[in-house]
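The primary structure of each chain is shown beneath.
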Amino acid sequence: MSGEKPPVEICKGVNGLDKVVLREVRGSSAEVYLYGGHVTSWRNDHGEELLFLSTKAIFKPPKAIRGGIPICFPQFGSHGNLDQHGFARNRFWSIDATPPPFPTVSTNKAFTDLIFKPSEEDLKIWPHSYEFRLRITLGPGGDLMLTSRIRNIDTKPFSFTFAYHTYLSVSDISEVRIEGLETLDYLDNLKAKERFTEQGDAITFETEVDKIYLGTPTKIAIIDHEKKRTFVLRKDGLPDAVVWNPWEKAKSIADLGDDEYKHMLCVEPAAVEKAITLKPGEEWKGRLELSAVPSSYRSGQLDPQRVLQG
Ligand code: BG6
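Note that the structure is a prediction, hence the values are computed from the model and not measured.

A. Spatial organisation of the overall build of the protein chain. When helices and strands are counted, the protein chain shows 2 helices and 23 strands. For 310 residues, the compact-globule formula gives about 19 Å, and the C-alpha radius of gyration of the protein chain, at 19 Å, lands near that figure. Over its C-alpha atoms, taken along the principal directions, the protein chain stretches across nearly 55 × 55 × 40 Å. Every one of the 310 residues in the protein chain was classed for burial, and the buried ones make up 55%.

B. Region of interest: the site of the ligand. As a structural note, the neighbourhood of the ligand is formed by Arg66, Phe76, Gln84, His85, Arg89, His165, Asn189, Asp210, Val242, Trp244 and Glu268. Arg89 has a polar side-chain atom sitting 2.9 Å from an oxygen atom of the ligand. The separation between an oxygen atom of the ligand and a polar side-chain atom of His165 is 2.8 Å. Across the complex, the protein chains shield 82% of the 400 Å² of accessible surface that the ligand would expose by itself.

C. Up close: the packing of aromatic side chains. The final tally for this structure, using the stated rule, is 24 aromatic pairs. Look at Phe87 and Phe116: their rings are 6.3 Å apart centre to centre, the planes differ by 70 degrees, and that puts the pair in the edge-to-face class. Here Phe87, found in the loop between strand 5 (71-72) and strand 6 (94-95), pairs with Phe116, found in strand 7 (residues 111-116); they are 29 residues apart in sequence, far enough to count as distant. Judged by relative accessible area, which is 2%, Phe116 ranks as buried.

D. Region of interest: the sheet that holds strand 2 (residues 18-23). Read from one edge to the other, the open sheet built from 4 strands follows the order 1-2-3-4, with strand pairing classed as antiparallel. Since the sheet does not close on itself, it has two edges, and those belong to strand 1 (8-12) and strand 4 (38-43), each with one partner. Neighbour to neighbour, the strand axes of the sheet diverge by 20 degrees on average, direction disregarded. Bridge analysis of strand 1 against strand 2 gives 5 bridges, and the strand direction is antiparallel. By the bridge assignment for strand 2, Cys11 is matched with Lys19.

E. Region of interest: the state of the cysteines. Evaluated as defined, the whole model comprises 0 disulfides. Of all cysteine sulfurs, the one in Cys266 lies closest to Cys72, which takes part in no disulfide; the gap is 9.3 Å.

F. View of the environment of Thr277. Note that Thr277 resides in strand 20 (residues 264-278). Residue class for Thr277 comes out partly exposed when judged on its relative accessible area of 47%. With sequence-adjacent residues up to four places away left out, Thr277 is seen in contact with Pro157, Phe158, Ser159 and Glu282. A polar contact is formed between the side chain of Thr277 and the side chain of Ser159, at a distance of 2.7 Å.

G. Representation of the nonpolar core. If you look at the biggest cluster of nonpolar residues, it comprises 69 residues, and the most contacted ones within it are Phe73, Phe132, Phe160, Phe162, Ile178, Ile222 and Leu265. Counting residues per element, this core draws most heavily on strand 20, which supplies 7 residues. In this structure, Phe73 is in contact with His85, Gly86, Phe87, Ala88, Trp126, Tyr130, Phe132, Ile150, Phe160, Thr161 and Phe162, ignoring residues within four places of it in sequence. Membership of the second largest hydrophobic core comes to 9 residues, among which are Cys72, Phe76, Leu187 and Ala270.

H. Examining the environment of Asp240 more closely. Turning to its location among the elements, Asp240 is positioned in strand 19 (residues 240-245). Judged by relative accessible area, which is 2%, Asp240 ranks as buried. Sequence separation of Asp240 and Val272 is 32 residues, and the distance between their C-alpha atoms is 6.6 Å.

I. Representation of the pattern of salt bridges within the structure. Following the criterion strictly, the structure yields 23 salt bridges and no others. In this structure, Arg133 and Glu131 form a salt bridge, with 3.0 Å as the shortest nitrogen-oxygen distance. Judged on exposure class, the residue Arg133 and its partner Glu131 are both buried. When the shortest N-O distance is used, the salt bridge between Lys249 and Glu208 registers 2.7 Å. Of the two residues, Lys249 is situated in the loop between strand 19 and strand 20 and Glu208 in the loop between strand 15 (203-204) and strand 16 (209-213); the sequence distance between them amounts to 41 residues. By relative accessible area, Lys249 is classed as partly exposed at 40%. Each of Asp185, Arg195, Glu273 and Lys274 takes part in a single network of salt bridges with overlapping partners.

J. The arrangement of the sheet that holds strand 18 (residues 229-236) in detail. Strand order in the open sheet formed by 9 strands is 6-7-8-9-21-18-17-12-15, and the pairing between neighbours is antiparallel. Here the strands that pair on one side only, and so sit at the sheet edges, are strand 6 and strand 15. As paired strands, strand 12 (residues 176-179) and strand 17 (residues 219-224) are joined by 4 bridges and run antiparallel to one another. Across the sheet, residue Ile178 finds its bridge partner in strand 17, namely Ile222.

Cut-offs and rules
- Residues numbered from 1 in each chain as written.
- Predicted model: local features only at pLDDT ≥ 70, side-chain atom pairs only at ≥ 80, totals over all residues.
- Heavy atoms only, no water.
- Helix = DSSP H or I, 4+ residues; strand = E, 2+ residues; numbered from the N terminus.
- Rg over C-alpha atoms; globule rule 2.2 N^0.38 Å.
- Buried < 20%, exposed > 50% of the residue type's maximum accessible area, 1.4 Å probe, protein only.
- Near = heavy atom within 4 Å.
- Polar contact = N/O pair within 3.5 Å; in protein donor to acceptor, adjacent residues only side chain to side chain.
- Areas by Shrake-Rupley, 256 points an atom, 1.4 Å probe, with all protein chains shown as cover.
- Phe/Tyr/Trp six-rings, centres within 6.5 Å; stacked < 30°, edge-to-face > 60°.
- Pairing = 2+ DSSP bridges.
- Axes fitted to C-alpha atoms, helices over the stretch in contact; angles between N-to-C directions.
- Disulfide = S-S within 2.5 Å.
- Contact = heavy atoms within 4.5 Å.
- Core = buried A, V, L, I, M, F, W, Y, C linked by side-chain atoms within 4.5 Å.
- Salt bridge = Lys/Arg side-chain N within 4 Å of Asp/Glu carboxyl O.

The following block contains the structure:
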């Protein structure tokens, strides 16, 4: 139909920055900025925003956009000598016109392929040659899928750490719990990265949290009691999961509103504890799949186990 919007549209976003809009026939959508290869919006078929984006987000280099899904590469956090979270999140990516094929053919139309290659300046900071390809897809049910493929095109091996720094939009952080990480070991960023074992049945929030959970399952559920919504996060190639909420520290983060911590939760599929090493010619793949489903009930209780096992 002539009035129908296309599944993929390249247009201008905030401050004239290029963005790709993905639309799925049932109404869900996503927006991706070439600046950072950064997903800034993911909406369900009711038009509800599912990712958190700060009202104070600065869409201007060199600052990374606060919210959505920043890509942390080639370094997660301060686990190395580079700037916090590496530099892929504040570089301009390009549309990848000729991505190498994926092993399985998909019938989805709402997807885009981006590529990031280091500039001469980048090579001075991190002297390794690679091609970083990122495919972002909206599935038929409105699921959001990100696949990163990083290929070593250098003559020497290199190692990196990585995270999809996913900011989920939540009704109220006090009403949220995470299932799938209980009893796991974690490194506590608030305690000099010391290693602890998580106690208790589920992860809930009443203060600042900044933990790197290790050896995490491929499926994690984030249950928003007030919204009666569960985010199901599936991941592949990413053994760790960072959980971050700054709480009162939000006041000291210039591009985050003082109270906005109440409406965000970062659950970040990551490879941090053990760096990924690629020999020349080798490729690494890391995948994130997000879906948002109505929370199910059993005996009046939300039943995340059904979500995790389903
Ligand atoms: C999290 C880290 O992933 O990102 C935190 O674990 C950090 O330590 C947070 O504070 C935000 O980082 P930034 O650089 O985007 O302000």
